[in-house]
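# Structural characterization, general
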Amino acid sequence: MDIKNAQKDVDDWINEHGVRYFNELTNMAQLTEEVGEVARIIARRYGEQSEKESDKNKDLGEELADVLFVTLCLANQTGVDLQAAFDKRMYKKGKRDHDRHHNNEKLK
């Protein structure tokens, strides 16, 4: 799956199952909520906090997919071609950060 097709899949789902996109501010709040759910799992499962019994069955992959879904919604409703933006970002990171991490003493 590429990002362009994922954006289309989300748009198709919204048009078939939803009434419309939530407005941008609502989706931003939704995105924040979903990122918070990911953070909770990471903090409790991989960090120093103990994991509550009610959190042990939470699926990190599903929560990350929720973040992706809302991100794609925001891209669609604001006219962002996320595939082009991602490709541009990866190109920039490849040029700028080519040797950066290899030369980082903290990572050795």
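Note that the coordinates shown come from a computational prediction; the quantities given were computed from them, not determined experimentally.

### A short note on the environment of Leu82
You can see Leu82 is positioned in helix H4 (residues 82-96). Distance from Leu82 to Ile3, taken between C-alpha atoms, is 6.6 Å for residues 79 residues apart in sequence. Beyond its immediate stretch of four places on either side in the chain, Leu82 contacts Ile3, Gln7, Thr71, Leu72 and Ala75.

### Looking at the packing of aromatic side chains
Counted according to the given criterion, the structure contains one aromatic pair. Ring centres of Trp13 and Phe69 lie 5.7 Å apart, and the angle between their planes is 85°; this geometry places the pair in the edge-to-face category. One end of the pair, Trp13, is in helix H1 (residues 3-17); the other, Phe69, is in helix H3 (residues 60-78), with 56 residues separating them in the sequence. Residue classification places Phe69 among the partly exposed positions, given a relative accessible area of 30%.

### Thoughts on the nonpolar core
Counting residues in hydrophobic clusters, the biggest one holds seven residues: Leu31, Val38, Ile41, Leu60, Val67, Val70 and Leu74. At the level of elements, helix H2 (24-45) and H3 are the ones that each hand at least two residues to this core. Discounting chain neighbours no more than four positions away, the residues touching Leu60 are Val38, Ile41, Ile42, Arg45 and Tyr46. In terms of nonpolar packing, the next biggest core, distinct from the first, is built from six residues, Val10, Tyr21, Leu72 and Cys73 among them.

### So, the side chain of Asp55
Inspection of the secondary structure assignment puts Asp55 in the loop between H2 and H3. Taking the relative accessible area as the measure of exposure, Asp55 reaches 6% and is therefore buried.

### Looking at the environment of Lys4
Topologically, Lys4 is positioned in helix H1. Not counting residues within four places of it along the chain, the set of residues in contact with Lys4 comprises Asp81 and Gln83.

### Focus: the UniProt feature "domain: NTP pyrophosphohydrolase MazG-like" (unreviewed entry) in the protein chain
Those places that UniProt annotates as "domain: NTP pyrophosphohydrolase MazG-like" (unreviewed entry) correspond, in this numbering, to residues 23-100. The distance from the first to the last C-alpha atom of residues 23-100 is 39 Å, and the span holds 72% helix and 0% strand.

### Observations regarding H1
An α-helix turns once per 3.6 residues; consequently, residues spaced three or four apart project the same way. The terminal C-alpha atoms of H1 lie 21 Å apart, and with 15 residues this matches the ideal 21 Å at 1.5 Å per residue to within 8%. Turning to H1, its buried residues are Ala6, Gln7, Val10 and Ile14. The arc enclosing the buried residues of H1, seen along the axis, measures out at 105°, which places them on a common side. With respect to the buried face of H1, the exposed residues turned more than 90 degrees away are Asn15 and Glu16. Along its buried surface, H1 packs onto H3 and H4.

Calculation rules
- Residues numbered from 1 in each chain as written.
- Predicted model: local features only at pLDDT ≥ 70, side-chain atom pairs only at ≥ 80, totals over all residues.
- Heavy atoms only, no water.
- Helix = DSSP H or I, 4+ residues; strand = E, 2+ residues; numbered from the N terminus.
- Contact = heavy atoms within 4.5 Å.
- Phe/Tyr/Trp six-rings, centres within 6.5 Å; stacked < 30°, edge-to-face > 60°.
- Buried < 20%, exposed > 50% of the residue type's maximum accessible area, 1.4 Å probe, protein only.
- Core = buried A, V, L, I, M, F, W, Y, C linked by side-chain atoms within 4.5 Å.
- UniProt positions renumbered as here; feature names shortened; annotations may be inferred.
- Expected span 1.5 Å × (residues − 1).
- Arc of directions from axis to C-beta.

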